[in-house]
Amino acid sequence: MDLRIFTEPQQGASYDTLLTVAKATEDLGFDAFFRSDHYLRMGDADGLPGPTDAWITLAGLARETSRIRLGTLMTAATFRLPGVLAIQVAQVDQMSGGRVELGLGAGWFEEEHTAYGIPFPKEKFGRLEEQLAIVTGLWETGLGETFDFHGTHYDLTGSPALPKPAQARIPVLIGGHGATRTPRLTARYADEFNMPFASIEDSAAQFARVRTAVEAAGRKGDDLTYSNALVVCVGKDDQEVARRAAAIGREVGELKENGLAGTPAEVVDKIGRYAEIGARRFYLQVLDLSDLDHLELISAQVQTQLP
């Protein structure tokens, strides 16, 4: 069972803060450090000191860490041209010695596009599908060969398809609640399917849809890793849980219902119930990046109790 730390820097975090959390992630034995790909805060957070770019951040962390996997939940297909994205991710993979994973999504937060002058197309899913085809196609093209793609949204001719990643295949993550198109894309391109912020029941239903699509595509259902992203709030007792919930502006009851919250025993139990429906990896959404004691508690009293 993999536990990964997942951060939301648009809510307010400098690169130095992210570096501190990533180093703690590595030192405490977690599997990976992931971050969102957003340029504008959400809700009541002040967002200071301002946004950090996902792939620039990961490039820095690639040189400052040595073991943990590094990736995005999810890179927005609206932010970068697919050829440029393929170059960026391959380069960061080289810089990390082959520890990068790419979560790629359609993009959804219109306000951040407006705020920073990024086009926000009406047709996003078709662009995502072409981006997946291009990025994976460029990486899979043999040395000395060229890559062509002629789609509705993107056109590439005679690309040398360089640079190559350090890994033979960079793992690709696709996620979401869509009942038809998302499972289809997952079956074609993904190594992992991620269900974000969903109940056990909704996760089970979506995992089943994805498995059906994967098998229809001629793959084995277990070829994929099935994962969940959930907010985390753990305390050694009820008082500490309440303190941590207050620090992120959330209610304990709501966190216990919708996330991984409570004492270590409560959280281990809930992880076990997700595991029963096929989840093998968890992205722990950590919202208070200054509370490293939180990570130490999860490492010592949750992670050690998992298979």
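Residues numbered from 1 in each chain as written. Predicted model: local features only at pLDDT ≥ 70, side-chain atom pairs only at ≥ 80, totals over all residues. Heavy atoms only, no water.

> Whenever I open this one, unusual backbone geometry confuses me. Can you help?
Excluding glycine, residues mostly carry a negative phi; peptide bonds, for their part, are mostly trans. The omega torsion of the bond from Leu48 to Pro49 falls at 10°, within 30 degrees of zero and hence cis. You will see that Ala161, though not glycine, has its phi angle at about 55°, which is positive. Summarising the element assignment, Ala161 is placed in the loop between strand S7 (155-159) and strand S8 (172-175). In this structure Ala161 comes out as buried when scored by relative accessible area, which is 4%. For Phe197, which is not glycine, the phi torsion reads 50° and is therefore positive. (Helix = DSSP H or I, 4+ residues; strand = E, 2+ residues; numbered from the N terminus. Buried < 20%, exposed > 50% of the residue type's maximum accessible area, 1.4 Å probe, protein only.)

> Would you take a moment to explain helix H11 (residues 292-301) for this structure?
Helical periodicity: at 3.6 residues per turn, an α-helix aligns residues three or four positions apart in one direction. The complete set of buried residues in H11 reads His294, Leu295, Leu297, Ile298 and Ser299. Against strand S1 (2-7), helix H1 (15-27), strand S10 (225-234), helix H8 (238-247), helix H10 (264-276) and strand S12 (281-286) lie the buried residues of H11. (Contact = heavy atoms within 4.5 Å.)

> How do you make sense of the pattern of salt bridges when you look at a structure like this?
Any two side chains of opposite charge can pair, on the condition that their charged atoms come close. Applying the stated criterion to the full structure yields 19 salt bridges. Note that Lys236 and Glu240 form a salt bridge whose closest N and O atoms lie 2.9 Å from each other. Residue classification places Glu240 among the buried residues on the basis of a relative accessible area of 13%. (Salt bridge = Lys/Arg side-chain N within 4 Å of Asp/Glu carboxyl O.)

> I would appreciate a short explanation of empty space enclosed by the protein in the present structure.
In this approach the atoms are scanned with a rolling probe the size of a water molecule, which exposes any empty space left behind. Counted according to the given criterion, the structure contains 2 cavities of 30 Å³ or more. Approximately 70 Å³ is the volume found for the largest cavity. Along the walls of the largest cavity sit Val232, Cys233, Arg244, Ala247, Ile248, Gln285, Val286, Leu287, Asp288, Asp291 and His294, which together make up its complete lining. Residues of the lining of the largest cavity, tallied by class, amount to 6 nonpolar, 2 polar and 3 charged. Taken as a whole, the second largest cavity encloses approximately 30 Å³ of empty space. Forming the boundary of the second largest cavity are Val232, Val234, Leu260, Val267, Ile271, Leu284, Ile298 and Val302. Considered class by class, the residues forming the lining of the second largest cavity number 8 nonpolar, no polar and no charged. (1 Å grid on protein atoms, 1.4 Å probe; cavity = no way out; pocket = protein on both sides within 12 Å on 5 of 7 lines; lining within 4 Å. Points joined across faces, edges and corners; volume = space filled by probe spheres on them. Nonpolar A, V, L, I, M, F, W, Y, C, P; charged D, E, K, R; others polar.)

> Sorry, what's going on with the environment of Thr182 here?
Looking at where Thr182 falls in the secondary structure, it is placed in helix H6 (residues 181-189). Not counting residues within four places of it along the chain, the set of residues in contact with Thr182 comprises Phe125, Ile174, Gly175, Gly176, Phe193 and Gln206.

> Would you take a moment to explain the nonpolar core for this structure?
Within soluble globular proteins, side chains that are nonpolar generally end up buried alongside one another. In terms of nonpolar packing, the biggest core is built from 76 residues, with Leu3, Trp55, Phe282 and Val302 touching the most fellow members. Ranked by the residues each element gives to this core, the list is headed by helix H5 (residues 125-140), at 8 residues. In this view, Val302 contacts Leu3, Val234, Pro264, Val267, Val268, Ile271 and Leu297; residues no more than four positions away in its chain are not counted. Counting residues in hydrophobic clusters, the runner-up holds 7 residues, among them Phe6, Phe34, Leu73 and Ala229. (Core = buried A, V, L, I, M, F, W, Y, C linked by side-chain atoms within 4.5 Å.)

> Looking at this model, I keep getting lost on the pairing of strand S6 (residues 147-150). Mind explaining?
Note on strand geometry: in a regular strand, side chains alternate between the two faces of the sheet. Along S6, the buried face is formed by Phe147 and Phe149; none of Asp148 and His150, which line the opposite face, is buried. In this sheet, S7 lies alongside S6 in antiparallel orientation, the contact comprising 3 bridges. If you follow Phe149 over to S7, its bridge partner there is Leu156. Linking S6 back to S7 in an antiparallel pair, the connection comprises 4 residues. (Pairing = 2+ DSSP bridges.)

> In this structure, what is going on with the environment of Leu306? I would like to understand it.
Within the element layout of this structure, Leu306 appears in the segment after H11. Measuring from C-alpha to C-alpha, the distance between Leu306 and Arg211 comes to 25 Å, with 95 residues separating the pair along the chain. Apart from residues lying up to four places away in sequence, Leu306 is in contact with Met1, Leu3, Val268 and Ile271.

> Help me understand the environment of Gly97 in this model?
By the secondary structure assignment, Gly97 is in the loop between helix H3 (82-96) and strand S5 (100-105). The spatial distance from the C-alpha of Gly97 to the C-alpha of Arg67 is 9.3 Å, given a sequence separation of 30 residues.

> Teacher, can you tell me more about the side chain of Thr25 here?
Turning to its location among the elements, Thr25 is positioned in helix H1. For Thr25, a relative accessible area of 0% puts it in the buried group. Beyond its immediate sequence surroundings of up to four residues, Thr25 is in contact with Ile5, Phe30, Ala32, Phe33, Arg67 and Ile68.

So far we have only geometry, and geometry alone does not tell us how the molecule works.
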